[in-house]
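Descriptive analysis of the structure
Now for the letters of each chain:
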Amino acid sequence: MTCHVSHLEAAIDGTRLPAGQIVTVHEGRPIWVRYDLEAIRRRVDRNAIQSREATLWRYSELLPLPDESCRVSLGEVVTPRIAMPRLGERLGVPNLFIKDESRLPTGSFKSRGMAMAISMARHFGVSHVALPSAGNAGGAAAAYAARAGIGTTVMMPRDTPAANVDECRAAGAEVRMIDGLIDDCGKLVAAECVEKNWFNLATLREPYRIEGKKTMGLEIAEQFDWRPPEVILYPTGGGTGLIGIWKAMQELTALGWLETKGMPRMIACQSSGCAPVVRAFEAGERFSKRWENAATIASGLRVPAVLGDFMILDAVRESGGIALAMADSGIAEWTALAAASEGLMLCPETAICVGALIELRRRGLVQPEERVLLINTAAASKYPPLFAE
Ligand SMILES: *Cc1c(COP(=O)(O)O)cnc(C)c1O
């Protein structure tokens, strides 16, 4: 296994930084992992990847882990791309697909990022990690850290769904419940990481979770025979998923692996109870302001202050997409629509994307013949019941 990482790069100003060391942020902003794509292009045959194991590790040349012996895995299956013709017909886009991330270990796509970040933590000899989480990130971190024999501290807002608290405790993490939102938890984590020399796993505070989530984009390209869909709707909280998918598209373009010139339009979907990225998009800004009194049952979207806001907004704008917010009040209806049409239960974050798709059709921003992809980011069973008796 050859590692093709060439360097790290500050996202805010392009400063080149050496790889092979623990980093957090540069000028308070996230850092990219960069690869020698020219070397990969020469050495790796796109079609050879198809015969490799069906896990995210099949893209090893495009991943940052230098030594396979440090790989921390719970079996990160390639998640299915499922055609949704009946739901699509109802929404006026028959070529509708859902990529179902609920099949991953710990029941959410957070496993992709944590598999990669914890593997890198092990590579660097880290003994303890910490992060703030209001939803699925904590459980995924705790699970992979347990697997690696690394200690974990998770700081969670007091109203985090019980299932998310339980999965952290079950995996042996130290859980601290905090009176505040996820960014308040994040400040406490950052301070303690400096004091105790812990590895800070908070969203975009280290460069590797993006690389794990990037594999979603690589899988999408491969599953669509290297002709990515015209539209991808993504439930956007901290933004690593959307940023990762877009980074995958850029790297695949540089490698010459895509069959099409057209790129997917990236649609950042948020809840109108917490929509800092949408507000910045609509104002034509590159940076967002903290959303006060953030409230949504879609816990993965309850991120009031977004460190990678400019990375999300750049991706959305470069791709010709938009950011839009839908109200929580529609979540039960959109979930029921999808489940009754196709038998697939969506998490509340993805239900918001169904609402957004209806809105995009209404505004004429998605055409009937286009291929549209929704990402079901987590298992609905991890959330409190939507339908009271
Ligand atoms: C974390 C999370 C999101 C938001 O993902 P980001 O990549 O942080 O924007 C969406 N849905 C679910 C279920 C999540 O757990």
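Residues numbered from 1 in each chain as written. Predicted model: local features only at pLDDT ≥ 70, side-chain atom pairs only at ≥ 80, totals over all residues. Heavy atoms only, no water.

Notes on the overall build of the protein chain
Selection rule: By definition, any uninterrupted DSSP run of H or I lasting at least four residues is a helix, any uninterrupted run of E lasting at least two residues is a strand, and each is numbered from the N terminus. Values of the radius of gyration come from C-alpha atoms, whereas the globule rule sets the reference at 2.2 Å times the count of residues to the power 0.38. Each residue is placed in one exposure class: buried if its accessible area under a 1.4 Å probe, protein chains only, is under 20% of its type's maximum, exposed if it is over 50%, and partly exposed if it falls in between. Should any heavy atoms of two residues lie within 4.5 Å, those residues are considered in contact.
Scanning the protein chain from N- to C-terminus turns up 12 helices and 13 strands. Against the globule reference of 21 Å for 389 residues, the protein chain gives a C-alpha radius of gyration of 19 Å, in line with a compact fold. For the protein chain, the spread of C-alpha atoms along the principal axes amounts to about 50 × 50 × 40 Å. When each of the 389 residues of the protein chain is scored for burial, the buried share is 61%. Put simply, 71% of the contacts in the protein chain that link residues at least 6 apart link residues at least 24 apart.

What to know about the environment of Val23
Along the chain, Val23 turns up in the loop between strand E2 (16-17) and strand E3 (31-35). You can call Val23 buried: its relative accessible area is 11%. Residues Val23 and Arg205, 182 residues apart in the sequence, show an inter-C-alpha distance of 8.3 Å. Not counting the four nearest positions on each side in its chain, Val23 is found in contact with Leu8, Ile31, Arg205, Glu206 and Pro207.

Examining the sheet that holds strand E8 (residues 174-178)
Stated formally: Here, any two strands with at least 2 DSSP bridges between them count as paired.
The strand order E8-E7-E6-E9 describes an open sheet built from 4 strands, whose pairing is parallel. Of all the strands in the sheet, the pair left with one neighbour each is E8 and strand E9 (199-200). Bridge analysis of strand E6 (residues 128-132) against strand E7 (residues 151-157) gives 5 bridges, and the strand direction is parallel. If you follow Pro132 over to E7, its bridge partner there is Met155.

Describing unusual backbone geometry
In this model, Glu27 sits at a positive phi of 55 degrees, which is unusual for a non-glycine residue. With respect to the helices and strands, the residue Glu27 is situated in the loop between E2 and E3. Phi is positive for Leu204, which is not a glycine, with a value near 65 degrees. For Leu204, the location among the structural elements is in the loop between E9 and helix H7 (208-223). For Leu204, a relative accessible area of 2% gives the class buried.

A closer look at helix H8 (residues 240-255)
As a reminder of what qualifies: An expected span of 1.5 Å times one less than the residue number is assigned to each helix.
Taking 1.5 Å as the rise per residue, H8 with 16 residues should run 22 Å; its terminal C-alpha atoms sit 22 Å apart, in good agreement. In terms of burial, H8 is largely enclosed, as 13 of its 16 residues are buried. Trailing H8 by a residue or two, Gly256 shows a phi angle of about 75 degrees, which is positive.

So, the pattern of salt bridges
Rules: Basic side-chain nitrogens of Lys or Arg form a salt bridge, by our definition, when they fall within 4 Å of a carboxyl oxygen of Asp or Glu.
With the rule as written, the count across this model stands at 28 salt bridges. Among the ionic pairs, Arg290 bridges to Glu292, the shortest N-O distance being 3.1 Å. Taken together, the shared-partner salt bridges in this structure form one network comprising Lys99, Glu101, Arg112 and Glu219.

Notes on the site of the ligand
What counts is decided by this rule: We call a residue near a molecule or strand as soon as one heavy atom of that residue lies within 4 Å of the molecule or strand. Each polar contact in these results corresponds to two N or O atoms within 3.5 Å; when the atoms are within protein, one needs to be able to donate a hydrogen and the other to accept it, and residues that are neighboring in sequence are counted only if both atoms are side-chain atoms. The method behind every accessible area is Shrake-Rupley, applied with a 1.4 Å probe, and residues are considered shielded solely by the protein chains displayed. Under this grouping Gly is polar, as are all residues other than the nonpolar Ala, Val, Leu, Ile, Met, Phe, Trp, Tyr, Cys and Pro and the charged Asp, Glu, Lys and Arg.
With respect to spatial proximity, 16 residues lie near the ligand, and among them Lys110, Gly237, Gly239, Gly241 and Thr377 are the closest. Take Gly239: an N or O atom from its main chain is 2.7 Å from an oxygen atom of the ligand. Thr240 is positioned such that a nitrogen or oxygen atom in its side chain is 3.1 Å from an oxygen atom of the ligand. Look at the ligand: alone it shows 380 Å² of surface, and the protein chains cover 97% of it. When its residues are assigned to classes, the shell around the ligand shows 4 nonpolar, 9 polar and 3 charged.

Topic: the sheet that holds E2
On the basis of which strands lie adjacent, the open sheet formed by 3 strands has the order E2-E1-E3 and antiparallel pairing. In this open sheet, the two strands that pair with only one neighbour each are E2 and E3. The pairing of strand E1 (residues 5-10) with E3 spans 5 bridges and is classified as antiparallel. Residue pairing for E3: Glu9 is matched across the bridge by Trp32.

What about the packing of aromatic side chains?
What characterises a pair of aromatic rings is the spacing of the ring centres plus the angle enclosed by the ring planes. The cut-off we apply is this: Only the six-membered ring of Trp is used, alongside the rings of Phe and Tyr, when aromatic pairs are assigned; centres must lie within 6.5 Å, and planes under 30 degrees apart are stacked while those over 60 apart are edge-to-face, with the rest tilted.
Inspection of the entire model under this criterion finds 5 aromatic pairs. With a centroid separation of 5.1 Å and 80 degrees between ring planes, the pair formed by Phe97 and Phe224 is classed as edge-to-face. Of the two residues, Phe97 sits in strand E5 (residues 96-100) while Phe224 sits in the loop between H7 and strand E10 (231-235), which places them 127 residues apart along the sequence. Exposure class is identical for Phe97 and Phe224. Each is buried.

Overview of the packing of H7 against H8
Test applied: Note on method: axes are straight lines fitted to C-alpha atoms, helices fitted across the in-contact stretch only, with angles between N-to-C directions ranging 0 to 180 degrees. With respect to orientation, any angle under 35 degrees is reported as roughly parallel, any angle over 145 as roughly antiparallel, any angle of 65 to 115 as roughly perpendicular, and every other angle as oblique. The hand of a helix crossing depends on one turn: near helix anticlockwise from the far one by less than a right angle means left-handed, and clockwise means right-handed.
Running from N to C, H7 and H8 point in directions that differ by 60 degrees, and their axes come no closer than 7 Å. It follows that H7 is oblique to H8 by the angle criterion. Note on packing geometry: the crossing formed by H7 with H8 is right-handed. Here H7 contributes Ile210, Glu211, Lys213, Lys214, Met216, Gly217, Leu218, Ile220 and Ala221 to the contact with H8, which in turn contributes Thr240, Gly241, Ile243, Gly244, Ile245, Lys247, Ala248, Met249, Glu251 and Leu252. Here the residues of the contact of H7 with H8 are counted per class, giving 10 nonpolar, 4 polar and 5 charged.

Structural notes on the packing of H8 against helix H10 (residues 309-318)
Contact geometry of H8 with H10 gives a least axis separation of 9 Å together with a crossing angle of 50 degrees. One element, H8, and the other, H10, form an angle in the oblique class. As H8 packs across H10, the resulting crossing turns out to be left-handed. For the pair H8 and H10, the contacting residues are Leu242, Ile243, Trp246 and Gln250 in the first and Met311, Ile312, Ala315, Val316 and Glu318 in the second. The residue makeup of the contact of H8 with H10, split by class, is 7 nonpolar, 1 polar and 1 charged.

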